Amino acid sequence: MSSKPVVLIAEELSPATVDALGPDFEIRHCNGADRAELLPAIADVDAILIRSATKVDAEAIAAARKLRVVARAGVGLDNVDVSAATKAGVMVVNAPTSNIVTAAELACGLLVATARNIPQANTALKNGEWKRSKYTGVELSEKTLGVVGLGRIGVLVAQRMSAFGMKIVAYDPYVQPARAAQMGVKLLSLDELLEVADFITVHLPKTPETLGLIGDEALHKVKPSVRIVNAARGGIVDEAALYSALKEGRVAGAGLDVYAKEPCTDSPLFELDQVVCTPHLGASTDEAQEKAGIAVARSVRLALAGELVPDAVNVQGGVIAEDVKPGLPLAEKLGRIFTALAGEVAARLDVEVYGEITQHDVKVLELSALKGVFEDVVDETVSYVNAPLFAQERGVEVRLTTSSESPDHRNMVTVRGTLSSGEEVAVSGTLAGPKHLQKIVAVGDYDVDLALADHMVVLRYEDRPGVVGTVGRILGEAGLNIAGMQVSRTEEGGEALVVLTVDDTVPAAVIAEIAAEIGATSARSVNLV
């Protein structure tokens with residue numbers, strides 16, 4: 001039996017996808033659209049790669065006993081039950097930027113095709129009919145294009161169609177007018193857009209709020225010369241209402257790539273000559289398919305390694321700023337050190353981030369610290385998805401606090417926890433220099449300055465002469481070399497703390513011997529490998 005993680009490819013993906021996965025996985029294939037084939041095939045796999053035909057719903061997730069990742073090679077997730085996946089601790093990833101250019105270009109193509117009746121004229125000519133006058137169209141230049149949804153694809157369409165000399169207006173309640181103005185786009189209410197637009201193109205996600213947004217009421221507000229394009233999601237434009245508007249002459253034409261129910265091969269809209277239809281080709285270019293496959297393959301590799309996956313849709317944090325990324329492994333190691341020092345799961349955990357890094361979204365540092373906290377606590381592989389679930393299951397209250405002020409370091413991360421006894425444990429770290437050297441700079445109230453290492457020992461004891469020599473002797477007798485050492489104390493003769501980095505794991509028996517000889521109030525071994 002192979003010991004490699006199993007990746008199930010349930011639909012046809014580009015060969016580059018398998019290449020991007022690399023040799024570290026056992027690759028299996030199945031027809032994900034065939035339910036009877038999918039459910040047994042998914043039972044013992046670690047990850048599944050799909051496109052739009054495979055439904056990974058609650059039933060499929062329940063059948064997948066080992067599943068850790070659902071990877072959708074595309075943008076939409078209509079066929080994935082993200083809520084059920086999250087409850088099961090399964091990461092869901094997609095390729096959010098893989099097809100934005102492709103989708104935008106198709107929308108532009110439908111706009112041009114509806115304006116100039118290109119498909120209809122092509123079909124007539126190939127049938128031996130020369131009908132120039134029947135297929136007279138309209139110019140795009142100086143017409144008003146209404147973009148419903150000014151997200152990434154909507155912006156690309158606006159940019160491209162402005163090159164045709166079109167005036168661009170948009171409706172999007174989540175975009176600030178200043179941002180739209182920078183792109184030369186005027187924001188309007190939906191009703192205002194419907195009234196002034198000569199062409200309307202839809203670029204919204206499908207949600208309960210957007211379903212049927214362009215329906216009968218909206219289509220009674222448009223110009224009779226308007227042409228409507230939907231290359232986003234089926235159902236945002238009400239197909240029955242659109243059919244009535246076209247038949248009654250309240251809408252001049254339409255370009256459709258998506259439908260409420262797919263595959264769709266029989267619709268009254270297909271009977272109308274003024275409608276241009278394509279079978280959901282928005283992401284169907286060689287380039288988009290290859291980019292999507294490669295993107296999700298990389299995400300699967302990261303996810304199965306327990307690393308951060310920026311394209312995971314059910315992980316807090318979102319896009320990670322470049323300045324934040326170097327802090328991820330530091331925060332994770334601080335979490336592991338915290339657990340080693342605490343010896344238990346905290347009742348409350350605070351992840352504190354200080355310094356100029358806080359100008360960015362640093363929520364992901366909380367996830368990274370949580371991952372470290374539970375890395376050595378649970379038997380399961382800890383990921384950025386299930387780490388918050390482990391905290392929730394254990395009743396750990398988790399908080400993230402930030403401050404732009406960091407008196408001693410440019411940036412600093414502290415993992416601080418309150419134990420069930422009321423005792424507080426804290427460890428702080430920073431990144432130093434252009435190589436981002438990971439350093440531990442404080443343990444509780446004790447200041448230290450020591451590069452992190454794979455193996456460390458942290459001791460607390462009553463400050464007195466000879467302790468360091470005793471620790472060195474015991475480690476030397478055990479054949480363990482000290483790589484670095486930092487002693488700290490708050491006052492002379494009080495309690496002192498020493499942090500040592502050593503070349504190998506210090507056995508529990510050696511730690512116990514050290515603690516006994518120096519009368520340590522606390523003696524902990526930390527292993528980060």
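Everything below is about the structure printed above this text.
The sections below set out a description of the structure shown in this document. (Residues numbered from 1 in each chain as written. Predicted model: local features only at pLDDT ≥ 70, side-chain atom pairs only at ≥ 80, totals over all residues. Heavy atoms only, no water.)

Our focus in this paragraph is helix α13 (residues 327-342). Between the first and last C-alpha of α13 there are 22 Å, a value that for 16 residues agrees with the 22 Å anticipated at 1.5 Å per step. Counting buried residues along α13, 13 of its 16 residues qualify, which places the element largely inside the surrounding structure. Directly after α13, the chain includes Gly-343, whose backbone phi takes a positive value near 75°. (Helix = DSSP H or I, 4+ residues; strand = E, 2+ residues; numbered from the N terminus. Expected span 1.5 Å × (residues − 1). Buried < 20%, exposed > 50% of the residue type's maximum accessible area, 1.4 Å probe, protein only.)

A few words on the side chain of Arg-227. Within the secondary structure, Arg-227 is located in strand β10 (residues 227-230). Within the buried set, Arg-227 has no salt-bridge partner at all; the shortest N-O distance to an opposite charge, 7.9 Å, is to Asp-198. From its side chain, Arg-227 meets the backbone oxygen of Thr-114 in a polar contact 3.2 Å long. For Arg-227, the residues in contact, after removing those within four places along its chain, are Thr-114, Ala-115, Val-138, Asp-198, Phe-199, Ile-200, Ala-252 and Gly-253. (Lys, Arg positive; Asp, Glu negative; His and termini not counted. Salt bridge = Lys/Arg side-chain N within 4 Å of Asp/Glu carboxyl O. Polar contact = N/O pair within 3.5 Å; in protein donor to acceptor, adjacent residues only side chain to side chain. Contact = heavy atoms within 4.5 Å.)

Before going further, it helps to examine the sheet that holds strand β1 (residues 6-9). Spatially, β2-β1-β3-β4-β5 is the arrangement adopted by the five strands of the open sheet, whose pairing is parallel. Of all the strands in the sheet, just β2 (26-29) and β5 (91-94) have a single pairing partner and so form its edges. Shown here is a sheet whose adjacent strand axes are inclined to one another by a mean of 20°, direction ignored. Both strand β3 (residues 47-50) and strand β4 (residues 69-72) contribute to a ladder of four bridges, which runs parallel. Counted as the bridge partner of Ile-48 is Val-70 from β4. With respect to the sheet, helix α12 (residues 286-304) is in contact with β1, β3, β4 and β5, its orientation differing from that of β4 by roughly 170°. (Pairing = 2+ DSSP bridges. Axes fitted to C-alpha atoms, helices over the stretch in contact; angles between N-to-C directions.)

Among the secondary structure elements, Glu-37 is positioned in helix α2 (residues 35-41). Along the backbone, Glu-37 and Val-276 are 239 residues apart, and their C-alpha atoms lie at a distance of 36 Å. Among residues more than four places away in sequence, those in contact with Glu-37 are Cys-30 and Asn-31. At a separation of 2.9 Å, a polar atom in the side chain of Glu-37 contacts the main-chain amide nitrogen of Asn-31.

The next subject is the nonpolar core. Among the nonpolar cores identified, the biggest contains 48 residues, and Ile-337, Phe-338, Leu-349, Leu-365, Phe-374 and Val-415 are the most heavily contacted of them. Element by element, the count of residues in this core is highest for α13, at eight residues. Setting aside chain neighbours within four positions, we find Leu-349 in contact with Phe-338, Leu-370, Val-373, Val-396, Glu-397, Val-398, Arg-399, Val-415, Arg-416 and Gly-417. Among the nonpolar cores identified, the runner-up in size contains 30 residues, and Leu-190, Leu-194, Ile-200 and Val-226 belong to it. (Core = buried A, V, L, I, M, F, W, Y, C linked by side-chain atoms within 4.5 Å.)

Here the focus is the pairing of strand β19 (residues 455-462). Within β19, six of the eight residues are buried, which leaves the element mostly enclosed by the surrounding structure. By the bridge criterion, eight bridges tie β19 to strand β21 (residues 495-502) in an arrangement that is antiparallel. Considered in β21, the bridge of Tyr-461 is made with Ala-496. In this structure, β19 lies alongside strand β22 (residues 522-527), joined through six bridges in antiparallel fashion. The residue of β22 that forms the bridge with Val-457 is Ser-525.

Moving on: the sheet that holds β19. The strand order across the open sheet formed by four strands is β20-β21-β19-β22, and the pairing between neighbours is antiparallel. Each having just a single partner strand, β20 (482-489) and β22 make up the two edges of the open sheet. Direction aside, the axes of adjacent strands within the sheet are offset by 15° on average. Against the sheet, helix α16 (residues 467-477) engages β19, β20 and β21, with an angle of about 155° to β20.

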